[in-house]
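Close look at the chain arrangement
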Amino acid sequence: MIRPLEEKDINTIVLDEERIFGESLGYSMLHNTLTGEDPLNHFFVDEEDSKIRGYIGVWFDEKNSMILNFYVGEEYRRQHIGEKLMRHVIDYVFNSGVDTITLEVRPHNLDAIDLYRKLGFEYSYKRKYYYNDGEDAHIYILYKEML
Ligand SMILES: CC(C)(COP(=O)(O)OP(=O)(O)OC[C@H]1O[C@@H](n2cnc3c(N)ncnc32)[C@H](O)[C@@H]1OP(=O)(O)O)[C@@H](O)C(=O)NCCC(=O)NCCS
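Everything numeric in this text was worked out from a predicted model, so none of it was measured.

The rules we used
Residues numbered from 1 in each chain as written. Predicted model: local features only at pLDDT ≥ 70, side-chain atom pairs only at ≥ 80, totals over all residues. Heavy atoms only, no water. Helix = DSSP H or I, 4+ residues; strand = E, 2+ residues; numbered from the N terminus. Rg over C-alpha atoms; globule rule 2.2 N^0.38 Å. Contact = heavy atoms within 4.5 Å. Areas by Shrake-Rupley, 256 points an atom, 1.4 Å probe, with all protein chains shown as cover. Lys, Arg positive; Asp, Glu negative; His and termini not counted. Charge placed at Lys NZ, Arg CZ, Asp CG, Glu CD. 1 Å grid on protein atoms, 1.4 Å probe; cavity = no way out; pocket = protein on both sides within 12 Å on 5 of 7 lines; lining within 4 Å. Points joined across faces, edges and corners; volume = space filled by probe spheres on them. Nonpolar A, V, L, I, M, F, W, Y, C, P; charged D, E, K, R; others polar. Phe/Tyr/Trp six-rings, centres within 6.5 Å; stacked < 30°, edge-to-face > 60°. Lys NZ or Arg CZ within 6 Å of the ring centre and 35° of its normal. Near = heavy atom within 4 Å. Polar contact = N/O pair within 3.5 Å; in protein donor to acceptor, adjacent residues only side chain to side chain. Sits in = over half its atoms within 2 Å of the grid points.

**Digging into the overall build of the protein chain**
Scanning the protein chain for helices and strands turns up four helices and seven strands. Secondary structure of the protein chain in N-to-C order comes out as β-α-α-β-β-β-α-β-α-β-β. Over its C-alpha atoms the protein chain spans a radius of gyration of 15 Å, differing by no more than 12% from the 15 Å that the globule rule assigns to 147 residues. A principal-axis box enclosing the C-alpha atoms of the protein chain has dimensions of 35 × 35 × 30 Å. Pairs at least 24 apart in sequence give 54% of the contacts found in the protein chain among residues at least 6 apart. Counting only carbon and sulfur atoms, one obtains 49% of the accessible surface of the protein chain, whose full area is about 8,400 Å². Each charge sign in the protein chain was given a centre, from 17 positive and 28 negative side chains, and these centres are 5 Å apart.

Quick look at the structure:
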């Protein structure tokens, strides 16, 4: 079941992010979303049997939107949980009146790129030295009118 982030999810997500990405968006960023301090950030989790199987965050204002972070736990992959989370956010953002969704991905993250292409995202441009380790990011964009 996909539902909005709750306070009780935050510790699990921070630990998952650190294990999967080597770093986390951090407790405060997630917590501030719930208190209304960061009203432009929106986070959702996929939960089954009280276990967080995956999570996605998106930032958007009246015109633009950007995926903040996105993962599915290792033991839950290849069950279309990631695809459902991404489709949920696409509907959420486009129904809010924003026409494009942007995301960045490491060029060698072919699993994620496969998923983004399947959903209609198109490669746009390279952002040099984007990641902390100096790797470039590839920017992909989904246009509402292309769906
Ligand atoms: C990317 C990620 C979220 C995908 O989640 P997932 O739930 O395993 O993916 P899904 O089962 O929904 O896959 C949907 C589609 O994505 C593509 N895909 C996902 N994993 C893939 C893999 N290992 N190999 C090839 N294609 C893959 C396929 O097109 C798949 O469709 P199909 O099953 O009909 O072939 C997951 O691999 C992950 O968390 N990776 C580590 C974190 C990460 O890289 N996040 C993205 C940062 S930009």
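Next comes the rest of the account.
**Side note on the layout of surface pockets**
In this structure, the largest pocket encloses a volume near 1,300 Å³. As for the largest pocket, its lining consists of 35 residues, of which F21, F70, N109, A112 and Y116 are closest to the centre. Counting residues per element, the ones that place at least two in the lining of the largest pocket are α1 (10-21), β4 (65-72), α3 (81-95), β5 (100-105) and α4 (110-118). Partitioning the lining of the largest pocket into residue classes produces 19 nonpolar, seven polar and nine charged.

**As for the packing of aromatic side chains**
One pass over the structure, following the stated rule, counts eight aromatic pairs. Here Y130 and Y131 contribute two aromatic rings whose centre-to-centre distance is 5.0 Å and whose plane-to-plane angle is 90°, an arrangement assigned as edge-to-face. One aromatic cluster is present, formed by F43, Y55 and Y71 through successive ring pairs. The side chain of R106 reaches across the aromatic face of Y131, ending 4.1 Å from its centre. The aromatic ring of Y129 is capped on one face by K128, whose charged end is 5.2 Å from the ring centroid.

**With respect to the site of the ligand**
With respect to spatial proximity, 21 residues lie near the ligand, and among them F70, H80, G82, N109 and K118 are the closest. H80 is positioned with one of its backbone polar atoms (N or O) 2.8 Å from an oxygen atom of the ligand. At 3.2 Å, a side-chain N or O of D111 approaches a nitrogen atom of the ligand. For the ligand, the accessible surface in isolation is 910 Å², of which the surrounding protein chains cover 80%. In this structure, the ligand is accommodated by the largest pocket. For the shell around the ligand, the secondary structure elements donating two or more residues are α1, β4, α3, β5 and α4. When residues in the shell around the ligand are grouped by element, the largest group, six residues, is from α4.

Nothing here speaks to function; it is all geometry.
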